[in-house]
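# Inside the fold
If you want the building blocks of each chain, they are given just below.
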Amino acid sequence: MYSYMLTRPECTLDKALKDLDACLSKTYELYHYLMRLPVELTHVQEMRLDEARNKYLPSEEDLHPNMKFVKNRLVALLAGNELLEDFAQEHTITWNDDPIFVRMMLDRVLKSDIYNEYMASDDDDMAADIQLWQQLMKHVILTDENMADAIEQRSLFWTEDDMDLIGQFVNKTFKRLGEDQEGAILPMFKDEEDSEFGRQLFQATVTQMPENNALIDELVQDSRWDKDRIVLMDRIIMLSALAELRTFDKIPTAVTLNEYIELAKNFSTAGSGQFVNGILNNAVKKLRKDGVILKH
């Protein structure tokens, strides 16, 4: 989102904020799409078993299939959760409009070692049921090329990086459902303060962009690095970090630095973590010396 302001002069702050709100809303929809997928995959498998049971000459396996997968306790909780169901109804969260993808994904699940080990195991409890879907989500579903295509076709806001991040929240929710159903479904925002944080940080990043850009260029030059070789993602991360350091007095400096260095490691180039670490630490020293930031 910040790249709009860096590369598109015609993009106003108001428009960028509207796009930010839309992006956050769509990201929360992605969370619900992923939460919905185990339910719909299980439903299709249940229909397959029923069709096999009722075919003209069913085999013994057709008549007495292993029902462990379709009786999964976690899926039952997901299917019966009122918050998930209400959101799905209100926002039309369904995979039924893409039956080919659902069948392909189910086939991949059924062929996976994770599925076969689960079906062969004597473990038959909630913990095993949760672990199945956590492992399937992480190693089968989110790594599938068809999944990436299906997600990107549903929204221009969604990327593979979004899937990886939201997938972690989905697996966290699976665990929470097994521990305590009440409050297990993650809200879009933790509280009102949390809902305002993103907008405030975005506004601060944009309004402080000229001075923070100048500071970055100065520090890069001092470090004998060519400022024109800074990748865009590194610059966006550093602009955001500097805005947070200047604006949010309650957030400790070490917390800000650690978070943005991790962002650089995860979302930019191989050497970005070390580079961003060096520039931001020098920035903190200078800003403290100049009396711009006083917190520790």
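The model shown is predicted, which means the values in this text are computed figures rather than measured ones. (Residues numbered from 1 in each chain as written. Predicted model: local features only at pLDDT ≥ 70, side-chain atom pairs only at ≥ 80, totals over all residues. Heavy atoms only, no water.)

Within the chain, the regular secondary structure consists of 15 helices and zero strands. Here the chain holds 296 residues, and 43% of them are scored as buried. Restricting to contacts in the chain with at least 6 residues of sequence separation, those with at least 24 account for 76%. Carbon together with sulfur atoms contributes 49% to the accessible area of the chain, which is approximately 16,900 Å² in total. Averaging the coordinates of the 33 positive side-chain charges in the chain and doing the same for the 54 negative ones gives two points 6 Å apart. (Helix = DSSP H or I, 4+ residues; strand = E, 2+ residues; numbered from the N terminus. Buried < 20%, exposed > 50% of the residue type's maximum accessible area, 1.4 Å probe, protein only. Contact = heavy atoms within 4.5 Å. Areas by Shrake-Rupley, 256 points an atom, 1.4 Å probe, with all protein chains shown as cover. Lys, Arg positive; Asp, Glu negative; His and termini not counted. Charge placed at Lys NZ, Arg CZ, Asp CG, Glu CD.)

Before going further, it helps to spend a moment on helix H12 (residues 209–222). The first and last C-alpha atoms of H12 sit 20 Å apart over 14 residues, in line with the 20 Å expected at 1.5 Å per residue. Within H12 the residues assigned to the buried category are Met209, Asn212, Asn213, Leu215, Ile216, Leu219 and Val220. Taken end-on, H12 shows its buried residues confined to a sector of 160°, consistent with a single buried face. Facing away from the buried surface of H12 by more than 90 degrees, the exposed residues are Pro210, Gln221 and Asp222. One or two steps after H12, the chain reaches Arg224, where phi turns positive at roughly 65°. (Expected span 1.5 Å × (residues − 1). Arc of directions from axis to C-beta.)

This paragraph deals with the side chain of Thr94. Position of Thr94 relative to the elements: it lies in the loop between helix H5 (82–91) and helix H6 (99–111). Residue classification places Thr94 among the buried residues on the basis of a relative accessible area of 18%. Separated by 3.4 Å, the side chains of Thr94 and Glu40 make a polar contact. (Polar contact = N/O pair within 3.5 Å; in protein donor to acceptor, adjacent residues only side chain to side chain.)

This prediction gives the chain a mean pLDDT of 88; 94% of its residues lie at or above 70. In the model, residues 1–7 has pLDDT below 50 throughout and makes 28 contacts with residues more than four positions away in sequence or in other chains. (pLDDT = per-residue confidence, 0-100.)

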